[in-house]
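Fold and contact review
Given next are the chains, with one letter for each unit.
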Amino acid sequence: MGDREEKTVLFDESMLQQYQKNTTGKSSLVIVDGSGIQEYDLSKFVDGAYTFGRNENNSIRLNSSIVSGNHGELYLQEGRCYIRDNHSSNGSYLAYGTQFIQMAPDQYYGGDGRDMIVRLGTNHSMDGIDPVLLLYNGQQKEGRWKTYSLHDGDNSIGRAADCDIRLKNVAISRYHAGVRKVKNQFYVFDNGSTNGVFVNGSRIVKPYCLSNKDIFTILNTTFIYDGNVLYYKVNPEGIALEVHDLNKEVPAKGGKKTILDKVSLSIGANEFVAIIGGSGAGKTTLMTAMSGFDSKVTGHVYCNGTDLHENFQTLKNIIGFVPQQDIIYENITLKKMLYYTAKMKMPQDTSNQEIEERIEEVLRMVELSEHKDTYIRRLSGGQKKRASIAVELLANPGLFFLDEPTSGLDPGTEEHLMRTLSKLSKEQEKTIVMVTHTINNLDLCDKVIIMGYGGRLCYCGSPAGIKDFFHTDNLVKVYDIITADSKGWETQFKMSGINAVSGQVRESNGEAIKPRTVSGFAQLGILVRRYTTLIMNDVQRLALIFGQPLIIGLLLTLVARSGIYELFTETQSILFTLMSGGIWMGLLNTIQEVNKERVILKREYMGNLKLPIYMLSKYIVQGVISLIQAVILVLTFVLIKGAPDCKGVIFSNATVEIIVLIFLTIYAAAGMGLLLSSITKSADRAMAIAPFVLIVQLIFSGILFELNGVTDKLSYLTYSRWAMESIGSTCDLNSLDPPGQEESEQVEEQFDDLVATCNDAIAEMQEAYDEKINELQDAVETYSALANNPQTFEEYTSEPQTIEAEYEPAETEENKMYVRSKARTVRSWLILYGSTFLCAGVSVLVLRKLKDEQR
Ligand SMILES: Nc1ncnc2c1ncn2[C@@H]1O[C@H](COP(=O)(O)OP(=O)(O)OP(=O)(O)O)[C@@H](O)[C@H]1O
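This is a predicted model, so every value here is computed, not measured.

Quick notes on the overall build of the protein chain
Helix and strand counts for the protein chain come out as 20 helices and 32 strands. Burial status across the protein chain gives 52% buried among its 855 residues. Accessible surface for the protein chain amounts to roughly 39,100 Å². Of this, 53% is attributable to carbon and sulfur atoms.

Considerations on the pairing of strand β1 (residues 28-33)
In terms of residue burial, β1 counts as a mostly covered element, since six of its six residues are buried. The alternating pattern of β1 places Ser28, Val30 and Val32 on one face and Leu29, Ile31 and Asp33 on the opposite face, and all of these are buried. Pairing between β1 and strand β11 (residues 132-137): five bridges, direction antiparallel. Paired with valine 32 across the bridge in β11 is leucine 133. Pairing between β1 and strand β2 (residues 36-41): six bridges, direction antiparallel. Counted as the bridge partner of serine 28 is aspartate 41 from β2.

Some details on the sheet that holds strand β14 (residues 165-166)
Ordered in space as β14-β13-β15-β16-β19, the five strands form an open sheet in which the pairing is mixed. Where the open sheet ends on each side, the last strands, each with one partner, are β14 and β19 (208-209). The pairing of strand β15 (residues 177-182) with strand β16 (residues 185-190) spans six bridges and is antiparallel. Bridge pairing links valine 179 to valine 188 in β16.

Remarks on the site of the ligand
In the vicinity of the ligand there are 15 residues, among which Ser279, Gly280, Lys283, Thr284 and Thr285 approach most closely. In this structure, an oxygen atom belonging to the ligand sits 3.1 Å away from a main-chain N or O atom of alanine 281. Interatomic distance of 2.5 Å between a side-chain N/O atom of threonine 285 and an oxygen atom of the ligand. Its free accessible area being 630 Å², the ligand has 71% of it covered by the protein chains. Of all the secondary structure elements, the ones that give two or more residues to the shell around the ligand are β24 (255-267) and α1 (283-291). Per-element tally for the shell around the ligand: the top contributor is α1, with three residues. Split into classes, the residues belonging to the shell around the ligand amount to three nonpolar, eight polar and four charged.

Thoughts on empty space enclosed by the protein
Scanning the entire structure with this criterion turns up eight cavities of 30 Å³ or more. Asn317, Lys345, Ala395, Gly607 and Asn608 are, among the 23 residues lining the largest cavity, the residues nearest its centre. Only β28 (319-322), α3 (334-345) and α13 (598-606) provide two or more residues apiece to the lining of the largest cavity. For the lining of the largest cavity, the element with the highest residue contribution is α3, accounting for three residues.

A look at a nonpolar patch on the surface
Judged by side-chain polarity, Leu550, Ile551, Leu554, Leu555, Leu558, Val559, Leu627, Val631, Leu635, Leu639 and Ile640 come together as a nonpolar surface patch covering roughly 1,000 Å² of accessible area. Here the element with the most residues in the nonpolar patch is helix α11 (residues 539-559); it accounts for six residues. Within the secondary structure, isoleucine 551 is located in helix α11.

A word on the side chain of arginine 721
Within the fold, arginine 721 resides in helix α18 (residues 719-730). Not counting residues up to four positions away in its chain, the partners in contact with arginine 721 are Phe700, Ser701, Asp712, Ser715, Tyr716 and Met817.

With respect to helix α20 (residues 822-847)
Helical periodicity: at 3.6 residues per turn, an α-helix aligns residues three or four positions apart in one direction. Spanning 26 residues, α20 covers 38 Å between terminal C-alpha atoms, matching the ideal 38 Å at 1.5 Å per step. Of all the residues in α20, the buried ones are Thr825, Ser828, Trp829, Leu832, Ser835, Thr836, Cys839, Ala840, Ser843, Val844 and Leu847. Taken together, the buried residues of α20 touch α13, α14 (611-641), α15 (654-679) and α18.

Side note on α11
With 21 residues, α11 should reach 30 Å at 1.5 Å per residue; the first-to-last C-alpha distance of 30 Å fits that figure. Along its length, α11 shows its largest kink, about 35°, at glycine 547, and proline proline 549 lies within four residues downstream of that point.

What to know about the nonpolar core
Of all hydrophobic cores here, the largest spans 164 residues; its most connected members are Met290 and Ile449. Looking at this core, the element that brings in the most residues is α15, giving 13 residues. The residues touching methionine 290, leaving out its near neighbours within four places in the chain, are Val243, Leu246, Leu265, Ile267, Ile275, Val301, Leu308, Phe401, Val433 and Ile449. Judged by nonpolar contacts, the second largest core, of 24 residues, contains Ile31, Cys81, Val132 and Tyr136.

Regarding the packing of aromatic side chains
Counting across every chain of the model gives 23 aromatic pairs. On the numbers, 4.7 Å between centres and 5° between planes, the contact of phenylalanine 216 with phenylalanine 223 is stacked. By relative accessible area, which is 0% here, phenylalanine 216 ends up buried. On the basis of relative accessibility, which here comes to 0%, the residue phenylalanine 223 falls in the buried class. Here the aromatic residues Tyr459, Phe469, Phe470, Trp489 and Phe493 are joined through ring pairs into a cluster of three or more. Just above the ring of phenylalanine 189 sits the side chain of arginine 180; from NZ or CZ to the centre is 4.2 Å. Note that arginine 377 overlies the ring of tyrosine 375, its terminal NZ or CZ placed 4.5 Å from the centroid.

Regarding the sheet that holds strand β29 (residues 399-403)
Here six strands make up an open sheet; going across it, the order is β28-β29-β30-β25-β31-β32 and the pairing mixed. Where the open sheet ends on each side, the last strands, each with one partner, are β28 and β32 (456-461). The sheet shows a mean angle of 15° between the axes of neighbouring strands, taken without regard to direction. Strand contacts of helix α5 (residues 381-393): β28 and β29, with the helix running at about 160° to β28, the strand carrying the most contacts.

A closer look at the side chain of glutamate 490
Tracing the backbone shows glutamate 490 in helix α9 (residues 486-496). What glutamate 490 contacts, discounting residues up to four positions off in sequence, is Asp261, Arg456, Leu457 and Cys458.

A short note on the pattern of salt bridges
Tallied over the full model, the rule gives 30 salt bridges. Residue aspartate 106 pairs with arginine 84 through a salt bridge whose shortest N-O separation is 2.5 Å. With aspartate 106 in the loop between β8 (99-102) and β9 (109-110) and arginine 84 in strand β6 (residues 80-85), this pair connects stretches of sequence that are 22 residues apart. The network of salt bridges with common partners includes Arg541, Glu593, Lys596, Glu597 and Lys618.

Considering the UniProt feature "transmembrane region" (unreviewed entry) in the protein chain
In the UniProt entry, the feature "transmembrane region" (unreviewed entry) is given for residues 539-560, 572-591, 611-638, 658-679, 686-705 and 826-847. Across residues 826-847, helical content stands at 100% and strand content at 0%; the span's end C-alpha atoms are separated by 32 Å.

Some remarks on the packing of α18 against α20
For any two helices packed against each other, one specifies the inter-axial angle together with the distance between the axes. Running from amino to carboxyl end, α18 crosses α20 at an angle of 150°, the nearest separation of the two axes being 9 Å. If you check the angle between α18 and α20, you find them roughly antiparallel. Here the hand of the crossing between α18 and α20 comes out left-handed. Residue-level contacts link Tyr719, Trp722, Ala723, Glu725, Ser726 and Ser729 of α18 to Arg824, Thr825, Arg827, Ser828, Trp829, Ile831, Leu832, Ser835 and Cys839 of α20. Looking at side-chain class alone, the contact of α18 with α20 contains seven nonpolar, five polar and three charged residues.

Here we look at the confidence of the model for the protein chain
Note that predicted coordinates carrying low pLDDT should not be read in detail. For the protein chain, mean pLDDT is 83; residues scoring 70 or higher make up 88% of the total. Per-residue pLDDT stays below 50 along residues 502-516; that stretch engages in 43 contacts with residues further than four places along the chain or on separate chains.

Rules used throughout
- Residue numbers here run from 1 along each chain, matching the order of that chain's written sequence.
- Under the rules for a predicted model, residues below a pLDDT of 70 receive no local features and side-chain atom pairs below 80 are neither given nor counted, while totals for whole chains, interfaces and linings still include all residues.
- The basis for every side-chain value is the complete set of heavy atoms in the structure, and neither hydrogens nor water enter the calculation.
- Note on conventions: DSSP H or I runs of at least 4 residues are helices, E runs of at least 2 residues are strands, and numbering of each starts at the N terminus.
- Per-residue accessibility, obtained with a 1.4 Å probe over protein chains only, is compared with the maximum for each type, and a residue is labelled buried under 20%, exposed over 50%, and partly exposed between these values.
- Shrake-Rupley sampling with a 1.4 Å probe provides the accessible areas, and residues are treated as covered by the protein chains on show and by no other component.
- In short, DSSP must find at least two bridges between two strands for them to pair.
- Here, proximity means that at least one heavy atom of the residue falls within 4 Å of the molecule or strand.
- Between N or O atoms, a polar contact is any pair within 3.5 Å; within protein, one atom must be a potential hydrogen donor and the other a potential acceptor, and residues adjacent in sequence are included only when both atoms are from side chains.
- Side-chain classes are defined by residue name, with Ala, Val, Leu, Ile, Met, Phe, Trp, Tyr, Cys and Pro counting as nonpolar, Asp, Glu, Lys and Arg as charged, and the others, Gly among them, as polar.
- Cavities and pockets were defined on a 1 Å grid built over protein atoms only: a cavity is a set of grid points that admits a 1.4 Å probe from which the probe cannot escape, a pocket is an open set flanked by protein on both sides within 12 Å along at least five of seven lines, and lining residues are those with an atom within 4 Å of any such point.
- Grid points are joined across faces, edges and corners, and a volume is the space filled by probe spheres set on the points.
- For patch building, the residue pool is restricted to those with more than 30% relative accessible area and no salt bridge; the joining distance is 9 Å between like charges and 5 Å between nonpolar side chains (Val, Leu, Ile, Met, Phe, Trp, Tyr).
- The salt bridge definition used is simple: a Lys or Arg side-chain nitrogen within 4 Å of an Asp or Glu carboxyl oxygen.
- Throughout, a residue-residue contact means that at least one pair of heavy atoms, one from each residue, lies within 4.5 Å.
- Any helix carries an expected span of 1.5 Å times its number of residues minus one.
- Axes are fitted to the seven residues ending at a residue and to the seven starting at it; the angle between these axes is taken as the bend at that residue.
- Take the buried Ala, Val, Leu, Ile, Met, Phe, Trp, Tyr and Cys residues and link them wherever side-chain atoms come within 4.5 Å; each set so joined is a nonpolar core.
- Each Phe, Tyr or Trp ring, with Trp reduced to its six-membered ring, pairs with another whose centre is within 6.5 Å; inter-plane angles below 30 degrees give stacked pairs, above 60 give edge-to-face pairs, and intermediate values give tilted ones.
- Any Lys NZ or Arg CZ found within 6 Å of a ring centre and within 35 degrees of that ring's normal is scored as a charge over the ring.
- In this description, a line fitted to the C-alpha atoms serves as the axis of each element, helices being fitted only across the stretch in contact, and the angle between N-to-C directions of two axes falls anywhere from 0 to 180 degrees.
- UniProt positions are given in the numbering used here, feature names are shortened, and annotations may be inferred rather than shown by experiment.
- Put simply, angles under 35 degrees are roughly parallel, angles over 145 are roughly antiparallel, angles from 65 to 115 are roughly perpendicular, and the rest are oblique.
- Should the near helix be turned anticlockwise from the far one by less than a right angle, the crossing is termed left-handed; should it be turned clockwise, right-handed.
- Confidence of the predictor at the level of single residues is captured by pLDDT, which takes values from 0 to 100.

Structure, rendered in structure tokens:
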């Protein structure tokens, strides 16, 4: 390998033998020491022990001062390779995923066919000392190590065609990382990649100065830095899982209940594993805990040696999870669905062409290529399930979990799906774990996990071994056998030693670093486009959204008398109906928006989705819808019935002001709808709450009932009150003829008539009185003449009397709600707008709980 001088002496040629029959594949050993790198095909060597160290008597003589004379031993047996440290002075360190642990002296490690990287002498860089690396490649093709000579300046690593080291994995960014020479030192740096660069086990956040034999990894590619050379190899071997003592308890009556009982097991790379067991046995609980998606468990899950729960944020990109419900939208074509998901999941710099290629690739994997332009709602149950799998495959996860993917499928489709999964595990190098109820086709699996009640592990091994273990010839009977004594079978399985896991608990890798993901801004663009597409593809919904305001507007014109905007009561009723229509539409636009996609949302949130961005995307699209609805509703009415005569309070055009207000009302109600949709787990439940919310708005609007005291204060919490205040002042309701104006005029007329009648009567009475007085005078004069006693009277005329009375109507008070003032109108608008965003904030907080939701 390379053009370096090969000094290291490896196995003596006499040890060469014919290919061993029992070797299942080719394995190789790569040695990197002070002399460079050499690779040997181990399958050509006889079984037995091979010592390594500095001394000449070793089978493998190493050129480094840091290794001991007789440092350790390799042991080959039936194609397997074990490694042991022989009490060396400086120790040997075995890499588990991204970290090194010190090997206990005299203990054999390995033997499971997986790759091993061992650093001899030190697990960290030391000036002037060349550590030695032994790299065991288990059962893989030869010659996978490539050499790259570093040049001055930047050496780029990534997916792009012009990178110096080109890696074809889709999860690798186009210009993922680089190695740069600065003052005779080489530094590796992360170029803002999505999935990061790990040096000696830790993700780097700034350029890292490389020392000889430093190992760094980029996803599944391992690099070794050695002087001016990089050795690198793509690890196709997939991900192995080791589960140690997984335990879960949940609160129950009178204490706690164990639903996962210290489960330990191991799953090899690229294995296809089924979890079976009775209903409620704990299958889903185990799988969710193994996937890292449930953090409320104790115990450890190691993913190629790295603690999954502790490093979930870093590792979640390599995990695919298909829950029981489909994680796809209905009103979108399969290809579009995959496109938006790819945009969310794949590195941000992935070009559209690469996305197209990847989509074609995953469609081929799940055998749905011919359905790529079909709307998902038209796919069959089995096809939808495969579509969900395709969604998860996009980011090329190495570890795949599926919860009952075969439920509801007919036997033929079920077998087809099982074969697809089995093929995926082998051809695409994926480790697949699935929960299933069916026992048909279990022979397609490499391993079966059988759970007994109480979350007890009763079996984990080959499908062929089940019948032997449970002493039955019928798999169906296994369910009954376990139900009868789950605890007993759990004990028997533990004692059997089948699928035992190594007892080693590895140290944590330290603080988990969040992976860089698609930026919030980019996510927003993708989500807005996806949401818009979903709405545009739903013709019925579109008709409802834009038909409603038109119909409400038209109906209002039917009931509104001509002369609207003159009478207070009439105008107020129309404005109230406009406002209520706005609240109604806004609420119904959104009340099912979040809960109906809860499963998809949860899955995406467990990935890289940012909840505030998700919510913002809903608000942006709903904002546009609310505006269009407001324009349609108000213009339909105004164009037929005319606009108010007055000017607006803020704008000179009152119609524009009414549109703004109705928009804000619809938008605020849409915000409330999104909140209710976030709180409720199903669309049905949300719809059950909707009438209550609407009734509250009507009661406290201040229109139907007079509000004072507490009720008045309560009305401050409703949209209807602020909307009515604003719309009423815009239309200057207080300047219109107040209620009872006509009645008042009639009363005045009657009053005046009565006064006139009274005055007529008084005048008549006076005339009669004067007449009688005069008659009396005449009589007195006559009688006094007869009696010769003349009497004289002055002529009598009474003073004219009239009633002076004027009708004074009772004063009508100005309605305080509709007082026109810019400050009051702005206040109403701000309250409506602010409440919209308050709802958004609360919705995000509520949705954060999704992470802890089990189902
Ligand atoms: N969060 C929880 N709180 C209380 N009990 C829980 C919780 N999650 C699961 N359980 C209980 O734990 C047990 C195992 O549940 P799990 O869903 O894992 O079973 P399962 O084997 O997948 O069942 P099924 O096949 O019916 O889906 C059940 O009795 C379930 O009711």
